[in-house]
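Per-entry structural report
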Amino acid sequence: MSVESTVISGEDLSTRNINKTIKNGLNENQKKFLVENSQELDSIVVGLRENAEITLKGDFGDFIGALNHGANINIQGNCGRYVGNNMTSGEIIVQGNTDDGVGFGTYNGNIVIKGNAGNSVGQLNKGGIILIDGNIGDLAGLYMLSGDIIVTGNAGKDTGDWMIGGTIYVGGDFQTGTNAEIHPLEVDDKKKLENVFQKYGIETDISAFKKIQRKDIRPFYG
């Protein structure tokens, strides 16, 4: 039996009221929510720890889905900075473009941007998958420790700058940063990319991708 979404909409809604309405609904065991808003509000659906389905329609500001811990969040519009900041589990899909800092400090879960993103994608990333189906800016994966960053388009300068662990895959052009080097794709890499692209309905040429990992072990970081 399908469950209808709780609809939250209106021109005068505030961040506080939207988040409070969702929290109250979750406390009453509601699991599906639709938010329609045109005010580019910041910090919507932050810190959710429940297994819920959230759809956001319209453009939104910074820190959407930050500290997500299990919810599936689908955003049908553009977002500002730090989508999924410090997320630990769940899934965030943006059907549009985002600004800087996607997945900053992410621990786990999947973040998918079906458009372009700004600088510093996956900075300090500690796990999970960040997939950008478009182009990104500079400094992707700066100081990342683990997880995967996948970019189907071009990346900018200093990709993987001082990365400590994890892997970055780029299908277009890019420039590596300090202590990052390019490796050929192995069989396991191709299978991983095929599975991710199939899951999110992305058509791209896997043979064009390059793998970027750290060059040397750094003192104090192993």
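The structure we're discussing is the one just above.
Residues numbered from 1 in each chain as written. Predicted model: local features only at pLDDT ≥ 70, side-chain atom pairs only at ≥ 80, totals over all residues. Heavy atoms only, no water.

**A short note on the overall build of the chain**
A tally of regular secondary structure across the chain gives two helices and eleven strands. Overall, the chain shows an N-to-C arrangement of helices and strands of β-α-β-β-β-β-β-β-β-β-β-α-β. Relative to the compact-globule value of 17 Å for 222 residues, the chain shows a C-alpha radius of gyration of 18 Å, a close match. The dimensions of the chain, computed from C-alpha atoms along their principal axes, are 50 × 35 × 25 Å. (Helix = DSSP H or I, 4+ residues; strand = E, 2+ residues; numbered from the N terminus. Rg over C-alpha atoms; globule rule 2.2 N^0.38 Å.)

**Quick word on a nonpolar patch on the surface**
Residues Leu124, Tyr143, Leu145 and Trp162 make up a contiguous nonpolar surface patch of roughly 310 Å² in combined accessible area. You can see Leu145 is positioned in the loop between β7 (126–132) and β8 (146–151). (Patch = residues over 30% accessible without salt bridge, like charges linked within 9 Å, V, L, I, M, F, W, Y side chains within 5 Å. Areas by Shrake-Rupley, 256 points an atom, 1.4 Å probe, with all protein chains shown as cover. Salt bridge = Lys/Arg side-chain N within 4 Å of Asp/Glu carboxyl O.)

**Looking at the sheet that holds strand β2 (residues 32–36)**
Judged by pairing direction, the sheet is mixed, and its eleven strands sit side by side in the order β1-β2-β3-β4-β5-β6-β7-β8-β9-β11-β10 without closing on themselves. The strands lining the two open edges of the sheet, one partner per strand, are β1 (6–9) and β10 (180–183). Taking each pair of neighbouring strands and ignoring which way they run, the sheet shows an average axis angle of 15 degrees. Alignment of strand β5 (residues 89–94) against strand β6 (residues 110–113), held across four bridges, turns out to be parallel. Bridge pairing links Ile93 to Val112 in β6. Each of β1, β2 and β3 (53–57) is contacted by helix α1 (residues 15–27), which is oriented at about 165 degrees to β2, the strand it contacts most. (Pairing = 2+ DSSP bridges. Axes fitted to C-alpha atoms, helices over the stretch in contact; angles between N-to-C directions. Contact = heavy atoms within 4.5 Å.)

**Remarks on the nonpolar core**
One finds Ile22, Val45, Ile54, Leu56, Ile75 and Val121 to be the most contacted residues of the largest nonpolar core, which totals 43 residues. Not counting residues up to four positions away in its chain, the partners in contact with Leu56 are Val35, Ile44, Val45, Ile64, Ile73, Asn74, Ile75 and Gln76. (Core = buried A, V, L, I, M, F, W, Y, C linked by side-chain atoms within 4.5 Å. Buried < 20%, exposed > 50% of the residue type's maximum accessible area, 1.4 Å probe, protein only.)

**Digging into helix α2 (residues 187–199)**
Residue pairs three or four apart in sequence face the same way in an α-helix, which turns once every 3.6 residues. For α2, spanning 13 residues, the distance from its first C-alpha to its last is 18 Å, which sits close to the expected 18 Å at 1.5 Å a residue. Within α2, the full set of buried residues consists of Asp189, Leu193, Val196 and Phe197. Buried residues along α2 cover an arc of 95 degrees about the axis, so they all sit on one side. For α2, exposure combined with an orientation more than 90 degrees from the buried face picks out Val187, Asp188, Asn195, Gln198 and Lys199. Looking at the buried side of α2, the elements it contacts are β7, β8, β9 (167–170) and β11 (210–214). Directly beyond the C-terminal end of α2, a positive phi value near 65 degrees is found at Gly201. (Expected span 1.5 Å × (residues − 1). Arc of directions from axis to C-beta.)

**Description of the side chain of Gln123**
By the element assignment, Gln123 lies in the loop between β6 and β7. Using a relative accessible area of 17% as the deciding quantity, one classes Gln123 as buried. A distance of 3.2 Å separates polar atoms of two side chains, one belonging to Gln123 and the other to Ser120. The residues touching Gln123, leaving out its near neighbours within four places in the chain, are Gly103, Phe104, Gly105, Gly141 and Leu142. (Polar contact = N/O pair within 3.5 Å; in protein donor to acceptor, adjacent residues only side chain to side chain.)

**Topic: the environment of Lys211**
Looking at where Lys211 falls in the secondary structure, it is placed in strand β11. Given a relative accessible area of 6%, Lys211 falls into the buried group. Separated by 91 residues in sequence, Lys211 and Ser120 place their C-alpha atoms 18 Å apart. The contacts of Lys211, once residues within four sequence positions are left out, are Thr167, Ile168, Tyr169, Glu181, Ile182, His183, Pro184, Leu185, Glu186 and Asp189. Only 2.9 Å separates the side chain of Lys211 from the side chain of Asp189, close enough to count as a polar contact.

**Considerations on the pairing of β6**
Burial along β6 is two-sided: the face carrying Asn110 and Val112 and the face carrying Ile111 and Ile113 are both buried. Two strands pair when backbone bridges link them, and β6 and β7 are joined in this way by four bridges, in the parallel orientation. Note on β7: the bridge partner recorded for Ile113 is Ile132.

**Quick look at the pattern of salt bridges**
Using the criterion set out here, one finds three salt bridges in the structure. Among the ionic pairs, Asp148 bridges to Lys192, the shortest N-O distance being 3.2 Å. Remark: Lys192 occurs in helix α2 and Asp148 occurs in strand β8; sequence separation between them is 44 residues. With a relative accessible area of 28%, Lys192 lands in the partly exposed category. In this structure, Asp189 and Lys211 form a salt bridge, with 2.9 Å as the shortest nitrogen-oxygen distance. Separated by 22 residues along the polypeptide, Asp189 in helix α2 and Lys211 in strand β11 bring together distant segments of the chain. Across this residue pair, the class does not change: Asp189 and Lys211 are buried.

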